[in-house]
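Below, each chain spelled out in residue letters.
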Amino acid sequence: MSRLLPSSLLVAIPLLCVVTCRDAVSGERVDADSIVSLLELVIEVDADTARNCIGVLTEKIQTRELPAAEVKNLRPRLTPLLSKILESGTEHPLYLDAAVLTASAGEPSSLKIAQGILQSQTHEVSQRRRALDALAAGGASQLLDDVSGMLASPKTTPIQLRAAAIEALGRLEQDRVADVLLDRYDQLDAQLQPKAIGVLTQRTAWSKRLLAAIGDDQLPRSVLNASQAAGLLARGDEALSRLVADHWGSLRTDRNPQREAVVAEMRDFLHRTPGDAQKGRVIFQKVCGQCHKIYGQGQDVGPEITANGRSSFEQLLSNVFDPSLVIGAAYQARTVVTDDGRVLTGLLAEDNEQRIVLKTQGGKLETVPRDEVELIKVSELSLMPEGLERQLKPQELADLFAFITLAGPPEDASSQLITGAPTFGENP
């Protein structure tokens, strides 16, 4: 049985990791030898505490809150300790934790272990995702090729893992990322395509390739929304701004009053066009579910709309077709530009002296160390893009509204239409 650590030590060790290896009292950096000594102690006497400490330290490396210079200094002291665990084999309770931490720090032998886990179909998806994050943080040279192969193999790679793989590419600084995502774009599931576009907007070189593809009619203009276009313009790159103007169009920085006419047009259309609620559920999951939850399904970025934003048909019309008319303070989009040229747009989840955390489309949390932030800009536009009426076919719009104008799931025979919703014979 493991010996129990004194309660004061159980508190102190995770705290040292949480504050990114800073002494909790003085604010000075704790030297690498001290961190390794503490880890060695908890590994010996308490596996759960060790896993917690290793996990938080891994997070700080992966989010770069622990600077690269300090990771480089820590690695040669950390590797010998954790190598003992890895040499014990996969049966050791801390094997995966040790492999992920050392791979995230760029240890070559651990990167090979992580690659094997990622490529193995016998490992759980959660384990493969941890290996994927470690490879991205550790700068694995072959990761882009691995991801390309995964995106080309939908039958053998679960969609959750392919989604995570696309997001992981945002950590890379290789121009070839754009080639991989654009080449594979048509093969991606509909719910993965917005993630690919989101990654392509994160770096200037990738964004230029994206806009060139739009200009060559390889992709429709609608794949890029107003919030993303605003992020591209925020970089101040003249060539990129010209491409936005030439291939996407001009951007309003405030609400478009013409949306009122769109709302009126959609009101008339939906009163004349019946839809299929079951088909509408599929459309919701593909389009709206990237940011919203309904009946427990979808992503938790924007408001959960099971009981919010649907009190009446008129409110729903406004929220969908004129999303920037009213924006709650918690849902104002932020665009963050990093000092290495990455651009991220999302809702603010955390903002303090150490870091900024954005919740981006698809529900991913993006952490940016405060000292890497070049610019933060609050958007006057909703993160929810305008122009859904151009993105979906007319019948798809009717199907979507047949689903979201029901106060309950369509399979529930007692579900009633929300106030003012169009009726077509019997209730769906």
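Student: Go over the overall build of the chain with me, naming the residues and quoting the values.
Tutor: Of regular secondary structure, the chain possesses 19 helices and 7 strands. For the chain, with 428 residues in total, the buried portion stands at 48%. Long-range pairs, those at least 24 residues apart, make up 63% of the contacts in the chain between residues at least 6 apart in sequence. Accessible area of the chain: about 20300 Å², with a carbon and sulfur share of 49%.

Student: With reference to specific residues and values, describe the pattern of salt bridges.
Tutor: Considering all chains together, one arrives at 23 salt bridges under this definition. Here R281 ties to E411 by a salt bridge, and the two come within 2.4 Å at their closest N and O atoms. One end of the pair, R281, is in helix α16 (residues 277-286); the other, E411, is in the segment after α19 (394-404), with 130 residues separating them in the sequence. With a relative accessible area of 16%, R281 lands in the buried category. Close ionic contact of E389 with R390 constitutes a salt bridge, the shortest N to O distance being 3.5 Å. By sharing partners, the salt bridges in this structure join E59, K60, E65, E350 and R355 into a single network.

Student: Talk me through the side chain of R342; I want residue IDs and the actual numbers.
Tutor: Within the fold, R342 resides in the loop between β3 (332-338) and β4 (343-351). Judged by relative accessible area, R342 falls into the buried class, the value being 9%. A polar contact of 3.2 Å, which involves the side chain of R342, links it to the backbone oxygen of G170. Apart from the residues within four sequence positions on either side, R342 is in contact with G170, R171, Q202, R203, V336, V337 and E366.

Student: Quick rundown of the packing of helix α3 (residues 47-62) against helix α5 (residues 95-104)? Include the residues and the values.
Tutor: Interaxial distance between α3 and α5 falls to 9 Å at its minimum, and their mutual angle equals 25°. Comparing their axes, α5 and α3 come out roughly parallel. Helix-helix and strand crossings are classified by hand; for α3 and α5 the assignment is left-handed. The residues of α5 that touch α3, namely those facing R51, I54, L57, T58, I61 and Q62, are D97, V100, L101 and S104.

Student: Tell me what's going on with the nonpolar core, and back it up with residues and numbers.
Tutor: Generally speaking, soluble globular proteins have nonpolar side chains that are buried together. L143, L181 and L219 are the most contacted members of the largest nonpolar core, which has 52 residues in total. The leading source of residues in this core is helix α9 (residues 159-168), at 6 residues. Residues in contact with L143, not counting those within four places in the same chain, are L118, L132, L135, A136 and L172. Core analysis: the second largest hydrophobic core is formed by 30 residues, M266, I305, F401 and L417 among them.

Student: An account of the packing of aromatic side chains is requested, with residue identities and associated values reported.
Tutor: Applying the stated criterion across every chain yields a total of 4 aromatic pairs. Chaining the aromatic ring pairs together yields one cluster made of F284, Y295 and F403. Positioned above the aromatic ring of W248, the side-chain terminus of R221 is 4.7 Å from the ring centre.

Student: Could you give an account of the environment of A105, with specific residues and numbers?
Tutor: Secondary-structure assignment places A105 in the loop between α5 and α6 (108-119). Among the residues examined, A105 registers a relative accessible area of 12% and is labelled buried. Between the C-alpha atoms of A105 and V71, which are 34 residues apart in sequence, the distance is 6.3 Å. Residues contacting A105, with those up to four places away along its chain left out, are I61, V71 and R75.

Student: So what's going on with the state of the cysteines? Which residues, and what values?
Tutor: Applying the stated criterion to the full structure yields 0 disulfides. There is no disulfide at C288, and the cysteine sulfur nearest it, in C291, is 9.3 Å away. Owing to a relative accessible area of 14%, C291 belongs among the buried residues under this scheme.

Student: I'd like a description of the confidence of the model for the chain, backed by residues and values.
Tutor: Across the chain, pLDDT averages 85, with 89% of residues at or above 70. Scored below 50 in pLDDT, residues 17-21 makes 17 contacts in the model with residues more than four places away or belonging to other chains. Every residue in residues 23-27 scores below 50 in pLDDT, and together they form 5 contacts with partners more than four places removed in sequence or on other chains.

Student: If you had to explain the pairing of strand β6 (residues 365-369) to someone new, which residues and values would you point to?
Tutor: With 4 of its 5 residues buried, β6 lies for the most part within the structure. Relative to β6, strand β5 (residues 355-359) runs antiparallel, the two sharing 5 bridges. From the neighbouring strand, K359 faces β6, where its bridge partner is L365. In sequence, β5 turns back onto β6 through a hairpin of 5 residues, with G362 there showing a positive phi of about 95°.

Student: A description of α6 should follow, citing residues and the corresponding values.
Tutor: In a regular helix each residue adds 1.5 Å, so 12 residues correspond to 16 Å; α6 covers 17 Å between its end C-alpha atoms and thus fits that length. All buried positions along α6 are accounted for by S110, L111, A114, Q115, I117 and L118. Angularly, the buried residues of α6 cover 160° about the axis, an arc narrow enough to put them on a single face. Those residues of α6 that are buried are in contact with α4 (68-87), α5, α7 (125-137), α8 (143-151) and α9.

Student: Talk me through helix α12 (residues 204-215); I want residue IDs and the actual numbers.
Tutor: Because an α-helix packs 3.6 residues into every turn, residues spaced three or four apart end up facing the same way. A rise of 1.5 Å per residue sets the reference length of α12, with its 12 residues, at 16 Å; its end C-alpha atoms lie 16 Å apart and thus fit the reference within 8%. Within α12 the residues assigned to the buried category are W206, S207, L210, L211, A213 and I214. The buried residues of α12 occupy an angular sector of 155° when the element is viewed end-on, so they sit on one face. Those residues of α12 that are buried lie in contact with α10 (176-184), α11 (193-200), α13 (226-233) and α14 (238-247). Where α12 ends, the next residue or the one after it, D217, has phi of about 65°, a positive value.

Criteria and thresholds
- One numbering rule holds for all chains: residues counted from 1, following each sequence as written.
- Confidence filtering applies because this is a predicted model: local features only for residues at pLDDT of at least 70, side-chain atom pairs given and counted only at 80 or more, and all residues used for totals across whole chains, interfaces and linings.
- Here the side-chain values reflect all heavy atoms present in the structure, with hydrogen atoms and water set aside.
- Every helix listed is a DSSP run of H or I at least four residues long, and every strand listed is a run of E at least two residues long, numbered separately from the N terminus.
- The cut-offs for exposure are 20% and 50% of the maximum accessible area for each residue type, with area from a 1.4 Å probe on protein chains only; residues under the lower value are buried, those over the upper are exposed, and the others partly exposed.
- Any pair of residues with heavy atoms lying within 4.5 Å of one another is described as a contacting pair.
- Each accessible area is a Shrake-Rupley estimate made with a 1.4 Å probe; only the visible protein chains count as cover when residues are assessed.
- Any carboxyl oxygen of Asp or Glu that lies within 4 Å of a side-chain nitrogen of Lys or Arg is treated as forming a salt bridge with it.
- Two N or O atoms form a polar contact when they lie within 3.5 Å of each other; inside protein one atom must be a possible hydrogen donor and the other a possible acceptor, and for residues adjacent in sequence the pair counts only when both atoms belong to side chains.
- Fitted lines through C-alpha atoms serve as axes, helices being fitted only where they are in contact, and the angles separating the N-to-C directions of these axes extend from 0 to 180 degrees.
- Roughly parallel here means an angle under 35 degrees, roughly antiparallel means over 145, roughly perpendicular means 65 to 115, and every remaining angle is called oblique.
- Should the near helix be turned counterclockwise from the far one by less than a right angle, the crossing is left-handed, whereas a clockwise turn marks it as right-handed.
- Grouping buried Ala, Val, Leu, Ile, Met, Phe, Trp, Tyr and Cys residues that are joined through side-chain atoms within 4.5 Å yields what is termed a nonpolar core.
- The criterion for an aromatic pair is that two Phe, Tyr or Trp rings (for Trp, the six-membered ring) have centres within 6.5 Å, with stacked assigned to planes under 30 degrees apart, edge-to-face to planes over 60 apart and tilted to the rest.
- As a reminder, the over-ring test applies to NZ of lysine and CZ of arginine, requiring each to be within 6 Å of the ring centre and within 35 degrees of the ring normal.
- Criterion for a disulfide: a pair of cysteine sulfur atoms within 2.5 Å.
- Scored from 0 to 100, pLDDT reflects the predictor's confidence in each residue.
- The rule for pairing is simple: two strands pair if DSSP sees at least two bridges between them.
- By definition here, a helix of n residues has an expected span of 1.5 Å times n minus one.
- What the arc describes is the spread of directions from the helix axis to the C-beta atoms.

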